[in-house]
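One-letter residues, chain by chain:
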Amino acid sequence: MSGPATALTWLYVPGDRPEVVRKALGSGADVVIVDLEDAVAPDRKEYARSATAELLSDPVTANPMAVPVHVRVHGEDDVRALAGLPGLSGMRLPKITHAASVHHVEALAPGVPLYPLLESALAIEHAYSIAGAHHSVRGIALGEADLRADLGVRDDAGLDWPRSRVVIAARAAGLDAPVMSVYPDVRDLSGLRASCAHGRDLGLLGRAAIHPRQLPVIERAFRPTAREVEAAEQILEASRAQAGAQALPDGRFVDAAVVASAERTLSLARSRR
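Values in this document were obtained by computation on a predicted structure and should not be read as measured data.

We now examine the packing of helix 10 (residues 189-201) against helix 11 (residues 215-222). Between helix 10 and helix 11, the least distance of the axes is 9 Å, while the angle of their chain directions is 30 degrees. When the interaxial angle is binned, helix 10 and helix 11 end up roughly parallel. In the packing of helix 10 onto helix 11, the handedness of the crossing is right-handed. Residues Leu189, Leu192, Arg193, Cys196 and Arg200 of helix 10 touch helix 11, and the partners they reach there are Val217, Ile218, Ala221 and Phe222. For the contact of helix 10 with helix 11, a count of residues per class yields 7 nonpolar, no polar and 2 charged.

What follows concerns the environment of Val179. Within the secondary structure, Val179 sits in the loop between helix 9 (160-172) and helix 10. Apart from the residues within four sequence positions on either side, Val179 is in contact with Trp10, Ile140, Ala141, Leu205, Gly206, Arg207 and Ala208.

So, on to the sheet that holds strand 3 (residues 69-72). On the basis of which strands lie adjacent, the open sheet formed by 7 strands has the order 6-5-4-3-2-1-7 and parallel pairing. Both edges of this open sheet fall to strand 6 (141-142) and strand 7 (207-209), since each of them pairs with a single strand only. The pairing of strand 3 with strand 4 (residues 88-93) spans 4 bridges and is parallel. Bridging from a neighbouring strand, Val71 pairs with Met91 of strand 4. Against the sheet, helix 11 touches strand 1 (9-14) and strand 7, its axis set at about 175 degrees to strand 7.

Now for the pattern of salt bridges. Counted under the stated rule, the structure contains 16 salt bridges. Between Arg200 and Glu228 there is a salt bridge, and its shortest N-O distance comes to 2.9 Å. Note that Arg200 is positioned in helix 10 and Glu228 in helix 12 (residues 226-241), a separation of 28 residues in sequence. Of the charged contacts, one joins Arg223 and Glu219 as a salt bridge, the two residues approaching to 2.5 Å between their closest N and O atoms. A residue is classified by how much of its surface remains accessible, and Arg223, at 11% relative accessible area, is buried. With a relative accessible area of 23%, Glu219 lands in the partly exposed category.

Reading guide: rules and limits
- Residues numbered from 1 in each chain as written.
- Predicted model: local features only at pLDDT ≥ 70, side-chain atom pairs only at ≥ 80, totals over all residues.
- Heavy atoms only, no water.
- Axes fitted to C-alpha atoms, helices over the stretch in contact; angles between N-to-C directions.
- Helix = DSSP H or I, 4+ residues; strand = E, 2+ residues; numbered from the N terminus.
- Parallel < 35°, antiparallel > 145°, perpendicular 65-115°, else oblique.
- Left-handed = near helix turned anticlockwise from the far one by under 90°.
- Contact = heavy atoms within 4.5 Å.
- Nonpolar A, V, L, I, M, F, W, Y, C, P; charged D, E, K, R; others polar.
- Pairing = 2+ DSSP bridges.
- Salt bridge = Lys/Arg side-chain N within 4 Å of Asp/Glu carboxyl O.
- Buried < 20%, exposed > 50% of the residue type's maximum accessible area, 1.4 Å probe, protein only.

Okay, structure coming up:
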């Protein structure tokens with residue numbers, strides 16, 4: 001199941017609420033993440049797994065819009081039950097701390113795109129080895145609620161270094177920029193907007209959400225603005241007119257790295273599901 005060229009919005013939904021999952025598939029999110037871990041009570045785990053397996057077994061009927069569906073698994077039973085199902089686009093792996101854990105999951109679910117979640121100080125220390133553990137790893141991200149608890153961090157400022165660390169680890173391993181973790185207050189859209197802007201400045205791209213009302217804010221925050229698109233187009237026009245490094249009339253310096261950045265901006269601006 002193919003997804004957008006660049007996914008910016010990733011919507012978490014509880015796996016034991018099939019009716020909520022169906023609504024999420026029509027929410028406009030780039031990716032829907034069925035959560036079998038934190039969002040599901042212990043006595044509902046088996047039901048959540050079976051309901052998710054049913055959804056992924058018949059993606060044409062259950063998911064006619066072909067929205068990519070990822071699953072945040074809870075353990076090996078989830079991995080074994082869901083691996084190989086036609087509607088599964090990826091597995092998000094909570095509480096990964098070492099590359100060996102990634103290899104273990106990959107052996108149980110060969111060929112499934114894997115997205116380890118780094119949720120502890122130990123995981124941050126091993127970020128690069130986790131990101132490069134196997135070619136099935138398609139992205140890494142923070143699990144900020146658990147990480148805050150582990151570090152004793154009270155506000156976003158204390159997460160700047162871990163966020164930058166996963167950005168560097170992902171890019172060094174050849175992966176796309178990491179997606180931001182969820183913003184827990186679904187009513188505070190102005191706070192979400194400011195947090196997304198700060199994450200974008202750190203090199204993060206896109207964000208997980210826990211309510212559909214957060215999706216438009218995230219989309220606007222990470223999609224290039226009209227001014228950014230215009231500036232990128234000017235850079236590419238100048239590069240086509242004259243090869244090599246140069247200075248634009250307004251003083252901006254243009255070299256190969258600046259051109260590559262402009263191309264990424266335009267690619268993101270044009271990407272749609």
